[in-house]
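Chain by chain, the residues run as shown.
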Amino acid sequence: MGLSAPFSIGNAGPTDKLAALMTAQEQKLATPGAIQPKRDIPASIAVFFVAVPLCLGIAHASGAPILAGLVAGIIGGIVIGFLSPSHLSVSGPAAGLTAIVLAAKQGLGSYELVVTAVFVAGIIQLILGAAKAGFLASFFPSAVVRGMLAAIGVLLILKQFPHLVGYDFEEMGVLEFPITPEDLDERYGDEHPSGEVNTFTVLLHSLRLFKKGALIIGVVALAVLIAWEKLVQKKLPSIPGSVVAVVVGVGLDALFQSRFQAIALEKSHLVQIPAFGSFGDLTAALTLPKWSGLAEPKVYVYAVTIAVVASLESLLSVEALDKIDPERMTTPANKELLAQGAGNILSGLLGGLPITAVVVRSSVNLNAGGKSKLSAILHGVWLVVALIALRPIINRIPLSALAAVLVYTGAKLASPKAFREMLTHGYHQWLPYVVTIAAIVFTDLLKGVAVGFVISSIFILRNSYISTRFQLETFGRFKRLVLGREVTFLQKARLMATLEAIEPGHLVEIDGSGSRYIDPDIVDVIAEFREAAAHRNIQVIIAGIPRLKQYTPDFEKIMSDEYKKLLSNNQEWVKEKLASDADFFKKKGEGQAPQFMFIGCSDSRVPENTITQTEPGEIFVHRNIANLVSLTDINLLSVLQYSVEVLNVKHVIVCGHYGCGGVHAALQHTSFGLIDNWISQIKMIVKAHHDELVKIDDPEAYERRVVELHVIQQCRNLYKTSIVQNAVRKFGFPKVHGWVYDLHTGLIKDLGLELDIDRDFDDVFHFLPPPAK
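Residues numbered from 1 in each chain as written. Predicted model: local features only at pLDDT ≥ 70, side-chain atom pairs only at ≥ 80, totals over all residues. Heavy atoms only, no water.

Caption draft 1: Seen up close, helix 19 (residues 427-442). With 16 residues, helix 19 extends 22 Å from end C-alpha to end C-alpha; this agrees with the ideal 22 Å at 1.5 Å per step. By the burial criterion, the buried members of helix 19 are Pro432, Tyr433, Thr436, Ile437, Ala439, Ile440 and Val441. (Helix = DSSP H or I, 4+ residues; strand = E, 2+ residues; numbered from the N terminus. Expected span 1.5 Å × (residues − 1). Buried < 20%, exposed > 50% of the residue type's maximum accessible area, 1.4 Å probe, protein only.)

Caption draft 2: The arrangement of the sheet that holds strand 4 (residues 478-483) in detail. In space, the 4 strands of this open sheet follow the order 3-4-6-8, with mixed pairing throughout. Edge positions in the sheet fall to strand 3 (470-475) and strand 8 (539-543), since each has one partner strand and no second. The average undirected angle you get between the axes of adjacent strands in this sheet is 15°. On top of the sheet, helix 22 (residues 520-533) reaches strand 4, strand 6 (507-511) and strand 8; it is set at about 150° to strand 8, its chief contact. Along the sheet, helix 23 (residues 553-580) contacts strand 6 and strand 8; its crossing angle with strand 8, the most-contacted strand, is approximately 110°. (Pairing = 2+ DSSP bridges. Axes fitted to C-alpha atoms, helices over the stretch in contact; angles between N-to-C directions. Contact = heavy atoms within 4.5 Å.)

Caption draft 3: Spotlight on the confidence of the model for the protein. Per-residue confidence for the protein gives a mean pLDDT of 85; residues scoring 70 or more make up 91%. Contacts of residues 1-29 to residues separated by more than four positions or lying in other chains number 14 contacts, the stretch itself having pLDDT below 50. (pLDDT = per-residue confidence, 0-100.)

Caption draft 4: Summary view of the packing of aromatic side chains. Following the criterion strictly, the structure yields 12 aromatic pairs and no others. With 5.5 Å between their ring centres and 75° between their planes, phenylalanine 419 and tyrosine 433 make a pair best called edge-to-face. Taken together, the residues span a long stretch of sequence, with phenylalanine 419 in helix 18 (residues 416-423) and tyrosine 433 in helix 19 at a distance of 14 residues. An angle of 90° between the planes, with centres 5.0 Å apart, marks the rings of phenylalanine 584 and phenylalanine 585 as edge-to-face. An aromatic cluster is present here, built from Trp573, Phe584 and Phe585 joined pairwise through their rings. The ring of tyrosine 658 carries the charged tip of arginine 704 above its face, separated from the ring centre by 3.7 Å. (Phe/Tyr/Trp six-rings, centres within 6.5 Å; stacked < 30°, edge-to-face > 60°. Lys NZ or Arg CZ within 6 Å of the ring centre and 35° of its normal.)

Caption draft 5: Layout of the sheet that holds strand 10 (residues 619-624). Judged by pairing direction, the sheet is mixed, and its 5 strands sit side by side in the order 10-9-11-12-13 without closing on themselves. Looking along the sheet, the strands with just one partner apiece sit at the ends: strand 10 and strand 13 (748-750). With strand direction ignored, the average angle separating the axes of adjacent strands in the sheet is 25°. Where strand 12 (residues 735-741) lies against strand 13, 3 bridges are found, and the strand directions are antiparallel.

Caption draft 6: Expanded view of the nonpolar core. One finds Met148, Leu353 and Ile394 to be the most contacted residues of the largest nonpolar core, which totals 119 residues. The residues touching isoleucine 394, leaving out its near neighbours within four places in the chain, are Phe48, Phe49, Val52, Val271, Ile273 and Ala386. Residues Leu647, Ala666, Ile723 and Ala727 belong to the second largest nonpolar core, which totals 39 residues. (Core = buried A, V, L, I, M, F, W, Y, C linked by side-chain atoms within 4.5 Å.)

Caption draft 7: Main features of the pattern of salt bridges. Applying the stated rule across the entire model yields 16 salt bridges. Ionic pairing is found between arginine 480 and glutamate 509, a salt bridge with its closest N-O pair at 3.2 Å. In this pair, arginine 480 is assigned in strand 4 and glutamate 509 in strand 6, connecting sequence segments 29 residues apart. Relative accessible area serves as the criterion here: at 17%, glutamate 509 is assigned to the buried category. Linking lysine 577 and glutamate 615 is a salt bridge whose minimum nitrogen-to-oxygen distance equals 3.3 Å. Of this pair, lysine 577 sits in helix 23 while glutamate 615 sits in the loop between helix 25 (608-612) and strand 10, and the two are 38 residues apart along the sequence. Here the salt bridges do not stand alone but share partners, grouping Glu692, Arg705, Glu708 and Lys749 into one network. (Salt bridge = Lys/Arg side-chain N within 4 Å of Asp/Glu carboxyl O.)

Following this line, the structure appears as structure tokens:
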């Protein structure tokens, strides 16, 4: 029997076919972070190869017993690897803490007290994790984190190139630009730089003092890595090129030892795991904490320093790793702090160095194809096995082959593609990026990140200053300041500048009703402005801002006085009219017979009786925003019908005005709410007259012409109504006129419309009977 439709592969799409063909186990392995032994085990070996010399070199540079570095590497792999929420991060002793450990040893007087401080630092990290302090990592800008990755890549190339060519004057694993005596390998007996030593002097000396055998091994290992990734990796994804490169390096050295002894490598150019006669000797070599040190304040000072620095390095490392993780998984920062804290407690108990998540080892893990935390755990297991049983084999690995792996990793982290990508993000991103790289390369990781953070913060503050967290709307003498959803102290300077720029004589409304958060500093600025505004003839209204009343008692009195003034003005007006004509109001009460209907804007600066010197009863008035004649506006049509059919007016005047707010709003690319629908007709007029308007360069002249075209169109709209059509057919009137009032001169401009009902509106009036002859 054939497959039923739901399980048929033949009729399914590519995605359905793939799902149907995958086994349940394969689907499980495809889950991000799921254990994939075929990928994780080889990756763990690659990380293990690199970790051995790094653990030994960092221990030496820290002034600690060599075993302390391996203990930290083992705990970082097995314990933190198991507890950490990151599926790619690898923890171990970090180069960034060497100076702190060295200073702690000198300040406390013994390494026993140093590991006591490491133990206390682990407890502090647990407290930080429980207090959910991991959110602090999110404050580091992306440009700084990416700059840190690129800087580590540059340092790997600069620091590992001498090892690649056999100049092993400096311990492996040191990443600081300055080189201290503790960073040097005392076993190295060849010529070395005199005077001040730094990364560049070692690099330059390596070009002259390279070892032929090491150079051949390093170059071949690097070539194998490149060729493997380009030609073989996709066919054999479970075998990382880094492991192949190390195996090739061991094989080449064996060949040199048997056939070409002149270029064979000496012990100082190979991995050197210390020998322990028995397991008892190994445990006896562990440095245990000195518990009496818990009574010494200095121990806690160094413990806090180690905890803070180790936490920052770990959080920065996992965040950086998340950015280059192809599966884009995000590591919970608080859980990572808890894992690091547990690891450092155990490392302190067993005499190990402070532990952090390390970008170098994690990057090697990623490049080697690691898919889950199994690779990190197994790398710790291999360190234990190597320490107990595989020392002779591991000690045959050339440092130049491991350096090739690290140089290749550095080239990946600091790839030209990453630089080019940052350049496309704008100077506010690439400048902190470049500064972070330079600062880390020439100082150390934390100092460099701090410098990059300061540069980024300058741009953040600048962008925050110029960003739109509030909007100032101007309507003549009325201004409305609308605050955004969140207004922080970062907008304080810009808000102060905006408020200071408001000229006397304005009414200002500050609206915070739509804000979710308003910083207390912002509230103080607004309160201070309102207090000072009274002395500058500025009235202030507050809406929706905590701690501030809508208006002050003085403003309440002003409102009351203004209202009472209207009533008193009415009484004065009545007296004036009665004084000039005792029957004035009696005549007005007998009825009205206006000869004009006035359709004007609601703007309070266009009083029709005042600008035409007419008395009450001479003009019948309808006003709305932007003096629109809308054929769907029942209000206007009712007024029009009454004035034409009942009052029998002889003239209908559409009066716009220059500086009309409605016209101005229609020309903006901003939403003003409900009014958008009303003024949409003005936008259509602008579109219809595009060819004429596009020739006007001056913005003010452009807007004035739009006002005129708008009035003309409203006059045409009047002729489209049956009310005007019927009246014109019957009586030959009303006449329709278009005016524009100039607020700055007080003069009325008659647009001189000479519209003919038969000539200009034939398409509209064809359904009406012809005029009587």
